[in-house]
Amino acid sequence: MLKRVNSILTADGSLNSVKTVLAKVQDAECTRCGTRVEINPVAKPEFSYESVHNKERFTLDVQEKNAIENAKNVLNQSLTDTDESDKNESLADDRQASYKQDNKARQKDRKQIYKDIVKCDDTTSHSFSLNDNLMDAGAGLAPVINPYFFDAETFGVTPAFLKSVMSVSFLSSCGTLFSQLGAPKNRVYNFYEGNGLPLTREQTTAGLNAFARAFLHGVALAIHDDILRYSSAVVCDESTLLCRENSYNKHLGNVSSSKSQIWVMTSGFTSPVKAAWYTVSPGRCADNVVDILKDGCKKDGPLKYVISDGYAGYDSGINTLEEITGIKLKSCRCWAHARRGLWKLLLNKGLISVYGKELLPTGCAFSCFEENLQKYRQTKAGKKLKDNDVSLLTIFYLINALFVIDSEVIKAHQYVCDTEEFKKDLLKARKEKSAKIVDLIFDCIRLYVADNKDIMSVKKTTKGEYTFIRNRSFPESGALIYLLKFEKALKEFITSPDIELTSSAAERALKLGICTRHACMFIQSEDGAQAFADYQTIVNTCNLNRVPVQHYMMWLTANIRQRLLKMQNEGHSDATFFSMPHKTPVKDKDGKITEYLNMYDKKNKICYDKVDTRGLAPYDYRRYLEMQDHTAK
């Protein structure tokens, strides 16, 4: 029996116009006991809808739109007047009653429109089942919906949650604009508002955050675990992220810093898993490094190396992990950071143009540097070149030689870096060529320091280590100190082909998030910050595996819903099944609310946390597509 007709907002067409779909909610009655059960489109595997060629029949008429808008205003006002006097409370009750009365009228109109569409002669029926086209995902993994035959257009019009007017298509489209294009949530809202969205900014933002918590967070955690499970080396980086809620907590003294940090960890270039994982923390302390890496510190685990920039927190975190787990990870530093200080120095001296135009001009072989240097020093301009400048140019050239050696091997293997043959060839090249060049680099630096003793001072600590103190009167001091300070960590790449020369993979992964940060300036809440991290995890991992983001999000949502339905059919019960995540109130013995748990609080357990998300990551999606390609051939 038709109980009611719900309106669902969905993004339609290439311009993402907002359209309204009418979804029927039925009552089913048991013939034995007479119990009635509501059948909602969200909570069933099959879904169908009818469309007509006359698009005017798709939308509600102007009168109904105005009625919805008026009812929405009445409800919002009634919800915001809860702290007024008894007189205002009575007024709120009247408004609530008025809303219910108007709702009956809207339901009547919707049912009539729905029946008219179904009876129309030019009606086209669209149907979809989550249990159709399931495929084997591999050993130990649950079956997944075949992405080749996944009907995203039909599934996309289903509501994302129970009692929600936002469809899967609408939220995945909003999430793609927000995360992949770096558009702030308010701009995403403005875009859809101009296309006919009848929701408020707060409702749209809440839907985006809830979508990430429900459907993306579990996969993001699985990506984190897979990176640590399959990578011998990981690349890490971090950057600031202003979260207003953390700033407020700083004001109250609940956190140590007013600025949050967004952290990224990417898999190594020899890892079979191509992924990037993000998280947000209230501060930048080494404890965050411990939290990120501790699951990978296992005696039989592959993780051995951590590649990073010059932030000392990584070394502190690695030392703490050794105390906790007994596993010693090796810290590896970035050669791009080591070269950057030297590049800035040469740029300020005007020597970068000399390097690019005279010493290694376009079309010239890299090995011609020494010959071109000798020729240039015979010219009128070259005679003005000081010996110290020649030494700095030589060090810069030798660092670049390390990249040339690696790139030759990578190109020879056609950029496929996860094979054993590649690792063998790269390790051979590094031991035979790169090792000698690295020794030469540090010999040149020490010789330069010996000839210019005033550029830095050296002290020996009680632990027998040397510290270098910069002399700001000499601009080359900082660049050379970085190289000497991290000499051991910079040399680690010689010992393993799994270690990348730079942490550029993590820096590139952060760029999209940083662009979004600059565009939106701040994020309002902790939940919004964590949702931002989940969106970045999914989008950047999709980009690394060349997977379409929006289609993947819809496919992922369909698989999670299919697994929830299976759990429900197997007898699992949960009050949050198919519901929109939200903050959960915590009550004391007297029933008084003492606090609210954030959506991402570990204590706030919801049904989506129980879903097995293995086999649903973007690289799995890519693998399923390749499996179908091989089958077709």
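See above for the structure.
Here's what I pulled together on the structure shown here.

## Some remarks on the overall build of the chain
Right, on to step 1. The helix and strand inventory of the chain stands at 20 helices and 16 strands.
Right, on to step 2. A separation of at least 24 residues holds for 70% of the contacts in the chain among residues at least 6 apart in sequence.
Right, on to step 3. Of the roughly 32200 Å² of accessible surface on the chain, a fraction of 50% belongs to carbon and sulfur atoms.

## Some points on unusual backbone geometry
Right, on to step 1. Phi angles above zero are rare outside glycine, and K163 is one such case at about 55 degrees.
Right, on to step 2. Locating K163 in the fold gives a position in the loop between α3 (152–155) and α4 (168–179).
Right, on to step 3. Phi at F578 takes a positive value of approximately 65 degrees, unusual for a residue other than glycine.
Right, on to step 4. Relative to the assigned elements, F578 resides in the loop between α19 (549–569) and β15 (584–587).

## Some words on the nonpolar core
Right, on to step 1. Ranked by internal contacts, the top residues of the largest apolar core, which has 164 residues, are L293, W335 and W555.
Right, on to step 2. Element by element, the count of residues in this core is highest for helix α13 (residues 387–412), at 13 residues.

## A closer look at the sheet that holds strand β12 (residues 330–333)
Right, on to step 1. An order of β10-β9-β8-β11-β12 is seen for the 5 strands of this open sheet, with the pairing classed as mixed. Edge positions in the open sheet fall to β10 (276–281) and β12, since each of these has one partner strand only. Each neighbouring strand pair of the sheet contributes to a mean axis angle of 25 degrees, computed without reference to strand direction.
Right, on to step 2. In this sheet, strand β9 (residues 260–267) lies alongside strand β8 (residues 233–241) in antiparallel orientation, the contact comprising 8 bridges. Each bridged residue has a counterpart across the sheet, and for V234 the counterpart in β9 is S267.

## Thoughts on the pattern of salt bridges
Note on pairing: side chains with opposite charge can pair once their charged atoms come close.
Right, on to step 1. Taken as a whole and judged by the stated rule, the model has 20 salt bridges.
Right, on to step 2. K294 is the partner of D291 in a salt bridge, and the nearest nitrogen-oxygen pair spans 3.8 Å.
Right, on to step 3. Given the relative accessible area of 45%, D291 is considered partly exposed.
Right, on to step 4. We note a salt bridge from D620 to R623, for which the minimum N-O separation is 3.4 Å. Of this pair, D620 and R623 both sit in helix α20 (residues 618–632), 3 residues apart, which is roughly one turn of that helix.
Right, on to step 5. Judged by its relative accessible area of 28%, R623 falls in the partly exposed class.

## Here we look at the environment of K185
Right, on to step 1. Looking at where K185 falls in the secondary structure, it is placed in helix α5 (residues 185–194).
Right, on to step 2. Here the alpha-carbon distance between K185 and L208, two residues 23 residues apart in the chain, equals 8.5 Å.

## What to know about α4
Right, on to step 1. Between its terminal C-alpha atoms α4 stretches 16 Å, which fits the 16 Å expected from 12 residues at 1.5 Å a residue.
Right, on to step 2. In terms of burial, α4 is a largely internal element, 12 of the 12 residues being buried.

## Thoughts on the side chain of S173
Right, on to step 1. Within the secondary structure layout, S173 lies in helix α4.
Right, on to step 2. Not counting the four nearest positions on each side in its chain, S173 is found in contact with A11, N16, Y192 and Q550.

## Remarks on the packing of helix α18 (residues 526–544) against α19
Right, on to step 1. Put simply, α18 and α19 touch, their axes get as near as 10 Å, and they point 120 degrees apart. Here α18 is positioned oblique relative to α19, judged by the angle of their axes. Regarding α18 and α19, the two cross each other, and that crossing is right-handed. When α18 is examined against α19, the residues Y535, I538, V539, C542 and N543 are found in contact with a partner set consisting of V549, Y552 and M553.

## A short note on the packing of aromatic side chains
Aromatic ring pairs: the centre-centre distance and the angle between the two ring planes describe each pair.
Right, on to step 1. Considering all chains together, one arrives at 25 aromatic pairs under this definition.
Right, on to step 2. Measuring from ring centre to ring centre gives 5.4 Å for F215 and Y608, while their planes differ by 70 degrees; the resulting arrangement is edge-to-face. Within this pair, whereas F215 is found in helix α6 (residues 201–230), its partner Y608 is found in the loop between β16 (593–597) and α20, the two being separated by 393 residues in sequence.
Right, on to step 3. Relative to F486, the ring of Y482 lies with its centre 4.9 Å away and its plane at 65 degrees, an arrangement referred to as edge-to-face. Considered together, Y482 and F486 belong to a single accessibility category, that of buried residues.

## Comments concerning helix α12 (residues 369–377)
Right, on to step 1. Looking at α12, one finds that the buried residues are F369, N372, L373 and Y376. Buried residues in α12, looked at end-on, bunch into an arc of 105 degrees, giving them a common side. Facing away from the buried side of α12 by more than 90 degrees, the exposed set consists of E370 and K375.

## Section: the pairing of β12
Right, on to step 1. Examined bridge by bridge, strand β11 (residues 305–308) and β12 share 4 bridges and lie parallel to one another. Paired with I307 across the strands is C332, a residue of β12.
Right, on to step 2. Each parallel crossover has a hand, and for β11 linked through helix α9 (residues 313–325) to β12 it is right-handed.

Calculation notes
Residues numbered from 1 in each chain as written. Predicted model: local features only at pLDDT ≥ 70, side-chain atom pairs only at ≥ 80, totals over all residues. Heavy atoms only, no water. Helix = DSSP H or I, 4+ residues; strand = E, 2+ residues; numbered from the N terminus. Contact = heavy atoms within 4.5 Å. Areas by Shrake-Rupley, 256 points an atom, 1.4 Å probe, with all protein chains shown as cover. Core = buried A, V, L, I, M, F, W, Y, C linked by side-chain atoms within 4.5 Å. Buried < 20%, exposed > 50% of the residue type's maximum accessible area, 1.4 Å probe, protein only. Pairing = 2+ DSSP bridges. Axes fitted to C-alpha atoms, helices over the stretch in contact; angles between N-to-C directions. Salt bridge = Lys/Arg side-chain N within 4 Å of Asp/Glu carboxyl O. Expected span 1.5 Å × (residues − 1). Parallel < 35°, antiparallel > 145°, perpendicular 65-115°, else oblique. Left-handed = near helix turned anticlockwise from the far one by under 90°. Phe/Tyr/Trp six-rings, centres within 6.5 Å; stacked < 30°, edge-to-face > 60°. Arc of directions from axis to C-beta. Right-handed = clockwise from strand over helix to strand, strands pointing away.

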